[in-house]
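# Per-entry structural report
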Amino acid sequence: MRRFFRNPVWLFVAIAFTGFVTQTSYGQAGKSLIINHFVVDPDVIEGHLVVSDVTGKGGRVDIWFYDQNGVLAGKTSQIIPAHGKINLDPQRYVQQKKLIGTIRMDSREVITGQYWQFYKDPSLGWKNIAVPAAVAPGATKLVCQHFVSDPTIESYIVIADAEGTSPTLYVEFYSDQGELAGQKRYVIPRNGKLSILPSEAVGGKKMTGVAYVQTEGGKITGEYWQVSPGEKYQVAHAMLGSAPEAKVMAEETLLRIQINFDFDSDKIQKRSYADLAEVAKAMNDPRNKSFRYEIAGYTDDVGKRSYNIKLSERRARSVMKHLISKCGVDASRLVSVGYGPDNPLVPNTSEANRARNRRVEFKRLSK
Amino acid sequence: MNRTRMTYLLSVFLVLPVLVNAQGSREFVVNHFVSDPNVIESHLVITDVEGKGPIVTMKFYDNDGNLVGEGKELLQPFGKLNLDPGEYVKHAVVNGTVHISADRGNIVAEYWQFYKDPEESWKNTTAIAVSAPGFSKLVAPHFVSDQDVEAYLVLASTDGKDAVVTIRFYDDTGRNLGKARELVKANGKRILKPWEYVKHKTTGVAFIESDGGRVAGEYWQAQESKRYQVVYPMGGIK
């Protein structure tokens, strides 16, 4: 065996194989799950937490119930039969008579979960709903691919803290045409959740659109809920993650992301650290590791051109320094350059367009 | 090719599948869509994730995998498209799947199914699209076998190949209730009723394995007496 591992080729094969076996990927399933939203309200709701075995091994699952402020309200451990499932009433495991919160589950084996919310009043059957659990540890960026702001429709973007770190959220709301309609900042309580009303964020304007959520200080999971009391329907679905990734950088020569800086400064805002960490991870991926990258800074057209070029140079350099010192990218692989207001992505005709033009691009150079 | 080089190539082959996969993607499959202008108002919602404003190509297939319509649309950066699938299949009555691809940048997609009769609005529902190329194994974490409950396992081909699927049904305690083998035609889909295989009233978990091609799945459950319909995606193993 020792001889086997002394041979670097076989050692590489062993590592690769181990990686293959341990990283088989699952959709909607994992060893740690989060139910973004559950309700205990015995007079109104019949709730079911359904947790199912995925691998045919069964085993123990530890379950924690938190209120939306992140206070632990109850816990239990259950055994899932091999090939079977458990169907729990959350109300039995919490001390409070009424509660809205999140549920976290850990298991040694891969599991999948759902929350079913049935309404006891038969005339409210149209609100019955089932939502799959999100897979921890969540994401640093989420896309709510559709939202409605309309006084006749209740809509909520529900975001849960996935790592117990109380992250700050930056949410940007765009119209279907891609125009910025609102920006908001929120803080999620540790282990808690937030329900964001898109209508409030866009100033009550009647519209449909897309919301992009970015975090600072931790990962999140999310859902979108839409209820129309007039039309009598309720739907909900999971939000998807969208961080920059190695695969994209391997396939494309240009990665364009929004890095946020303090006003008129080259200081990177903490909210962009997660994106830069993902960019560094992608750059250090084996598929990209032989490439060098140009970090290009751009500004909008407000102010003197010469000043903007210097500002964009300082910002690009600031990003480069961060990737080297905080994220472990080799300095010899990076160059920084500032283009100021040149090559705008869109005409600088509105604040939304100017925001889009203030950007940093990562261009893959030759090996 | 010498043994060392072959071993090296093998190791590279083994490394590739472990690399990052994300939820935003270039290609998606909507497991189920309906075009039925008198009954259903359906929406195919496709959203830009990265601000790249791609051109998206959509191919609409019926349940047997026949191409029944296609289209291309420009997606605005940071915007979304809200399309009527009926417009791409000449407003024919079709039940099938949609395959969506973007020429650049990641997208996400979802399908909304609204019922035109206000009395049936309790059936209105939405389902998120699944990132291609789909899965070789699926788990339906919950199913009902009950003649009074409409329950369906919806299995769609995601990689353009015929897939022979084996479905094993277990009750909640993990007791084996039987199995079925069905063909999901390339680009098509199969809709299975657990009752027809289990033949008694129970709830449980269904494990699905595909051979030949990859699949994605959804579970639909509706009960007219309680006036609800729910849909969710099955968990999958790549």
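Residues numbered from 1 in each chain as written. Chains lettered and ligands numbered in written order. Predicted model: local features only at pLDDT ≥ 70, side-chain atom pairs only at ≥ 80, totals over all residues. Heavy atoms only, no water.

A count of helical and extended segments in chain A gives seven helices and 22 strands. Expressed as a percentage of the 367 residues in chain A, the buried residues total 56%. Once local pairs closer than 6 in sequence are excluded, the contacts in chain A between residues at least 24 apart make up 76%. Of the roughly 16,100 Å² of accessible surface on chain A, 51% is carried by carbon and sulfur atoms. (Helix = DSSP H or I, 4+ residues; strand = E, 2+ residues; numbered from the N terminus. Buried < 20%, exposed > 50% of the residue type's maximum accessible area, 1.4 Å probe, protein only. Contact = heavy atoms within 4.5 Å. Areas by Shrake-Rupley, 256 points an atom, 1.4 Å probe, with all protein chains shown as cover.)

Bringing the overall build of chain B into the picture now. Scanning chain B for helices and strands turns up two helices and 18 strands. The 238 residues of chain B split such that 61% are buried. Long-range pairs, those at least 24 residues apart, make up 76% of the contacts in chain B between residues at least 6 apart in sequence. Put simply, chain B shows about 9,800 Å² of open surface, and 48% of that area lies on carbon and sulfur atoms.

Here we come to helix 6 (residues 305-325) of chain A. Residues and elements named next belong to chain A. With 21 residues, helix 6 extends 30 Å from end C-alpha to end C-alpha; this agrees with the ideal 30 Å at 1.5 Å per step. Along helix 6, the residues that are buried comprise Asn308, Ile309, Leu311, Ser312, Arg315, Ala316, Ser318, Val319, Met320, His322 and Leu323. Residues of helix 6 that are buried sit in contact with helix 5 (273-283), strand 20 (293-297), strand 21 (334-338) and strand 22 (360-364). (Expected span 1.5 Å × (residues − 1).)

On to the packing of helix 5 of chain A against helix 6 of chain A, then. Residues and elements named next belong to chain A. Two elements in contact, helix 5 and helix 6, have axes whose closest approach is 10 Å; the angle formed by their N-to-C orientations is 65 degrees. When the axes of helix 5 and helix 6 are compared, the crossing they make is right-handed. Together, Tyr273, Leu276, Ala280 and Met283 of helix 5 and Val319, His322 and Leu323 of helix 6 make up the contact between the two elements. Considered class by class, the residues forming the contact of helix 5 with helix 6 number six nonpolar, one polar and no charged. (Axes fitted to C-alpha atoms, helices over the stretch in contact; angles between N-to-C directions. Left-handed = near helix turned anticlockwise from the far one by under 90°. Nonpolar A, V, L, I, M, F, W, Y, C, P; charged D, E, K, R; others polar.)

Evaluation of the coordinates by the stated rule reveals 16 aromatic pairs over all chains. On the numbers, 5.9 Å between centres and 85 degrees between planes, the contact of Trp116 of chain A with Tyr232 of chain B is edge-to-face. You can see Trp116 of chain A sitting in strand 7 (residues 99-119) and its partner Tyr232 of chain B sitting in strand 17 (residues 228-233), one on each of two chains. Overall, Trp116 of chain A belongs to the buried group, its relative accessible area being 4%. Its end group placed over the ring of Tyr298 of chain A, Arg359 of chain A keeps NZ or CZ at 3.8 Å from the ring centre. (Phe/Tyr/Trp six-rings, centres within 6.5 Å; stacked < 30°, edge-to-face > 60°. Lys NZ or Arg CZ within 6 Å of the ring centre and 35° of its normal.)

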